[in-house]
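Okay, here's what each chain looks like letter by letter:
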Amino acid sequence: MVDQKCVDTLRMLSVDMIAKANSGHPGLPLGAAPAVYALYRDHLKFHPKNPDWENRDRFILSAGHGSALLYSTLHLFGYDLSMEDLKEFRQTHSRTPGHPEYGHTPGVEATTGPLGQGLAMGVGMALAEAHLAATFNTEDYKIVDHHTYVLVGDGCLMEGISHEAASFAGSHQLHRLIVLYDSNKITIEGDTDLTFHDDTRKRFESYGWDTQLVEDGTDIDGISEAIARAKQSDKPSFIEIRTVIGYKAGSVEGLAASHGAPLKEDDYAALKSNLGWTEEPFTVPEDVKAHIATIVKEKEAMYAEDMAKMDGYRAAHSSKYDAYHHSMTMNTEDCDLSTYFGEKKEDATRSSGGRALQEVAQKYPYLLGGSADLGPSNNSEIKGSPFMSAGQFEGRNIHFGVREFAMAAITNGMALHGGVKPYCATFFVFSDYMKPAMRLSALMDLPVIYIFTHDSIGVGEDGPTHEPIEQLAMLRSMPNMSVIRPADFDETLVAWEVALKNKKPTALVLTRQKLPTLGIDAKKLHKGAYIAAKEEREAKAILIATGSEVSLAMEAKEQLKAKGIDVRVVSMPSWDLFEEQSESYKQEVLPKEIGLRISVEALGTMGWEKYTLGGPSIGMHTFGLSGKGSDLFKEFKITAEEIVRQVEEQL
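1. Side note on the overall build of the protein chain
Looking only at helices and strands, the protein chain features 24 helices and 20 strands. Since a compact globule built from 651 residues should have a radius of gyration of about 26 Å, the 28 Å found for the protein chain is in line with a globular shape. By its C-alpha atoms, the protein chain is 90 × 60 × 45 Å across when sized along the principal axes. When each of the 651 residues of the protein chain is scored for burial, the buried share is 62%. Once local pairs closer than 6 in sequence are excluded, the contacts in the protein chain between residues at least 24 apart make up 77%. Summed over its atoms, the accessible surface of the protein chain is roughly 24600 Å², and 49% of this surface lies on carbon and sulfur atoms. If you average the places of the 66 positive and of the 93 negative side-chain charges in the protein chain, the two averages end up 4 Å apart.

Structural data, given as structure tokens:
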């Protein structure tokens, strides 16, 4: 039977890749190959030569350690992934890395490996699809009409993010989301009964999902029929497929030993014998090639039909088509909020950010997002637009609930889907819950906007549990993440401009407390740092500050001037943007000949030595306290007077 031979081809290509690399995870590919084949054969809408087709179905391998199966499948079904690429599995700079990487391998929809995040990104993709369908589909043309499929394993479902994301998907009835559960009941340490006694189907039922069980994970047609039923549901679907890890692989079949190590010679020989496989390594039999070619031709016909449908839509609904095209291309280079400069004399930057959000939301209809149940505090709601809910997806506001980790991963999925530019919001201290998903944002180059308010000890009475200290240093340490902490209303407007234009993720770090509008040259924020107040004659020191502390540095400058000490004030809202500038610009802002530099920031001081050159860093060296924000700045000596004292002492 050619279908079985196709499945065995996937299995053998996978174990051959792992054997050649002497590294990898053969257990999942051997067990889950029938499920993946059934999906690609009968259901997945794709075109291997046009992998970015907007109306394609999405498939995410959440259990990313099984990457060899994904690469084998992509190769077999005609994607631009050669046999030589398969032979370079897990090698430096190869197109087949150890875990799937978005933007690196054609057909890979998301970077996965950190378990559970693939499921949450799938939720985001399904949410984006639902919103775009509600916005652009018409009675006569359903131009947004596809499903999102996710393959998860036991490990994905143990991770807490799976609970957050599945609960969200159920409450929103994302019925075009279908999850295939590779239920082999094995983890690295042994049988899942050691720690995992969940009745997973009941769990998903409680979230509002439809569930099914396929008892035999080798039953290709049975799996396909379950997927077909799931596609008819008005709820998200969860299909448990009972599989055997390391299927037919000799002594390691069904054991944890098959999870993460190449098969030993005896087990490899047993696998070939048990499957009746007589081909040489890295071989695709001719009858398999012919059969797959027939399937791919059917997929290409779907693509042609979809292109014809889009032509009809363009002719019948030209204005909607133009809006759809605008969403898919998302050009934000013309964003300019400088006409609003100076309108506010005193404002918390969270409020300034809310004002900026309203302005850009009017211009860019594909901007949408929400908060982890803190919208009124984060000022993150788009006024005049409804919130999305089950069956109502036209709105641009999202209630994420108290689910920070899933929120960040869901916005990643929305960005990956395309057609929307997502943002999400919470208190800055809770970025701790979001860091793993933010890291994937940075790895995948996703232009997600993160709004973090209540950014320092200025939080005040909520106390040390809610006062961020080390979080800014954490975000600054992350490669490919723009982090911006603006000083006033004007800088916040420019920070939003930067975030919208950015091709990578951006974190906006904003205050709870009100700040004066400083009248500084905020347009230069895009350079990361600039001279906020120049010395009159010869600067004896440079005061470098961010956010709410720039106003303190400006006060200190005036006090020092009265004492006959001339200083320069530099606003440095973004280290990473500053590091992108030329050496000549950096020298212009921070001249080497001015040796005394003092940083001022009401958070942890780690990392500031790069810019202070050993000078003092005024900031937090402990956790905070509960009390009025203004009192805490005095308690921890983050004041203009302390800046003056430090300058005088150093001089």
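2. Things to note about the sheet that holds strand E2 (residues 148-153)
The parallel open sheet is built from five strands, whose spatial order is E1-E2-E3-E7-E6. Only two strands of the sheet have a single partner each, and these edge strands are strand E1 (58-61) and strand E6 (210-214). Direction aside, neighbouring strands of the sheet carry axes that sit 15° apart on average. Pairing analysis gives six bridges linking strand E3 (residues 177-183) to strand E7 (residues 237-242), with the strands arranged parallel. Following the sheet pairing, valine 179 is matched in E7 by phenylalanine 238. Helix-sheet contacts for helix H2 (residues 27-42) involve E1, E2, E3 and E7, and the interaxial angle to E2 is about 165°. Against the sheet, helix H9 (residues 220-231) contacts E2, E3, E6 and E7, and its axis sits at roughly 170° relative to E6.

3. Some points on empty space enclosed by the protein
In total, this model carries three cavities of 30 Å³ or more according to the counting rule given. When its volume is computed, the largest cavity comes out at roughly 60 Å³.

4. Points about helix H3 (residues 67-76)
With ten of ten residues buried, H3 is to be regarded as a mostly interior element. Positioned one or two residues after H3, glycine 78 has a phi angle of 95°, which is positive.

Calculation criteria
- The residue numbering used here restarts from 1 in each chain and proceeds along that chain's sequence as written.
- Local features in this predicted model are restricted to residues of pLDDT 70 or higher, and side-chain atom pairs are both shown and tallied only at a pLDDT of 80 or more, whereas totals for entire chains, interfaces and linings draw on every residue.
- Only hydrogens and water are set aside; all other atoms, that is, all heavy atoms of the structure, feed into the side-chain values.
- Helix and strand assignments follow DSSP, with helices taken as H or I runs no shorter than four residues and strands as E runs no shorter than two, numbered in order from the N terminus.
- Radius of gyration: over C-alpha atoms. The globule rule applied is 2.2 Å multiplied by the number of residues raised to the 0.38 power.
- Only protein chains enter the accessibility calculation, which uses a 1.4 Å probe; a residue whose area is less than 20% of its type maximum is buried, one above 50% is exposed, and one in between is partly exposed.
- By the convention used here, residues are in contact when the closest approach between their heavy atoms is within 4.5 Å.
- Each accessible area value is a Shrake-Rupley result obtained with a 1.4 Å probe; residue values ignore everything except the protein chains displayed when judging cover.
- Charge convention: Lys and Arg are scored as positive, Asp and Glu as negative, and His as well as the terminal groups of each chain are ignored.
- To locate a charge, the coordinates of NZ of Lys, CZ of Arg, CG of Asp or CD of Glu are taken.
- Strand pairing requires that DSSP identify at least two bridges connecting the strands.
- Note on geometry: axes are lines fitted to C-alpha atoms, helical ones only across the stretch in contact, with angles between N-to-C directions running from 0 to 180 degrees.
- A cavity here means a set of 1 Å grid points, computed over protein atoms only, where a 1.4 Å probe fits but cannot escape. A pocket is an open set with protein on both sides within 12 Å along at least 5 of 7 lines, and lining residues have an atom within 4 Å of a point.
- Grid points are joined across faces, edges and corners, and a volume is the space filled by probe spheres set on the points.

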